[in-house]
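Now for the letters of each chain:
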Amino acid sequence: KEDNKQQFGGFWTEKKLQIVRKYMETYTKALKKQAWINELVYIDGFAGSGERLDKFTGELCEGSASISLNSGFDKWHFIEKNPVNNLKLNQLKINVENSGKIEQDKIHIYKDNFNNALVNVLDNYKWKKERALCFLDPEDNDDSIVNFSSLSKIAETKARSEEHTSELQSPD
């Protein structure tokens, strides 16, 4: 790895991140128009370093964590167990906060296993007037296992929009 940057992916990774970017933008645009929502939260279960080197082109590209910082969320929770990637996420946080683009205490970084950290993240909200986009894109290793109990914990929040379906407004 050159300069200790995450190096992976190719055209399929870039395509996936383009789709994720568009989804984030559409999601936040639509939900920001809902008067009953006070806060939009982004949770990245396997956040990586925030950037990556394309292993075929050598180009430095944004990762999902970096993309989310430009997508209209109010708070961010990045979960990353890898110490090098976690350090890079903390540097990204400092840079973004120092730029004045995002207020301090809006970005939270967890150096833990996803399944452990998720409980802490979800317990910070009542999930009545908050909604979240939880992006789970695990690597192919034992540290990247998503337990069924974690998915159940997400479902237990009952943070769905069905009860407000008649109130939803078009994002356009």
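Now for a description of the structure that goes with this document.

This part covers the side chain of Ser-64. In this fold, Ser-64 is placed in helix 2 (residues 64–68). On the basis of relative accessibility, which here comes to 8%, the residue Ser-64 falls in the buried class. Beyond its immediate sequence surroundings of up to four residues, Ser-64 is in contact with Leu-17, Met-24, Tyr-42, Asp-44 and Phe-135.

This part is about a nonpolar patch on the surface. A surface patch of nonpolar side chains, about 430 Å² in accessible area, is lined by Phe-11, Trp-12 and Phe-56. Here Trp-12 lies in helix 1 (residues 11–32). With a relative accessible area of 44%, Trp-12 lands in the partly exposed category.

In this section: the pairing of strand 1 (residues 39–44). Where burial is concerned, most of strand 1 is hidden: 6 out of the 6 residues are buried. Burial along strand 1 is two-sided: the face carrying Glu-39, Val-41 and Ile-43 and the face carrying Leu-40, Tyr-42 and Asp-44 are both buried. When strand 1 meets strand 6 (residues 130–135), the two strands line up parallel, connected through 6 bridges. By the bridge assignment for strand 6, Leu-40 is matched with Arg-131.

Rules and cut-offs
- Residues numbered from 1 in each chain as written.
- Predicted model: local features only at pLDDT ≥ 70, side-chain atom pairs only at ≥ 80, totals over all residues.
- Heavy atoms only, no water.
- Helix = DSSP H or I, 4+ residues; strand = E, 2+ residues; numbered from the N terminus.
- Buried < 20%, exposed > 50% of the residue type's maximum accessible area, 1.4 Å probe, protein only.
- Contact = heavy atoms within 4.5 Å.
- Patch = residues over 30% accessible without salt bridge, like charges linked within 9 Å, V, L, I, M, F, W, Y side chains within 5 Å.
- Areas by Shrake-Rupley, 256 points an atom, 1.4 Å probe, with all protein chains shown as cover.
- Salt bridge = Lys/Arg side-chain N within 4 Å of Asp/Glu carboxyl O.
- Pairing = 2+ DSSP bridges.

These results come straight from atomic positions and should not be treated as a statement about function.
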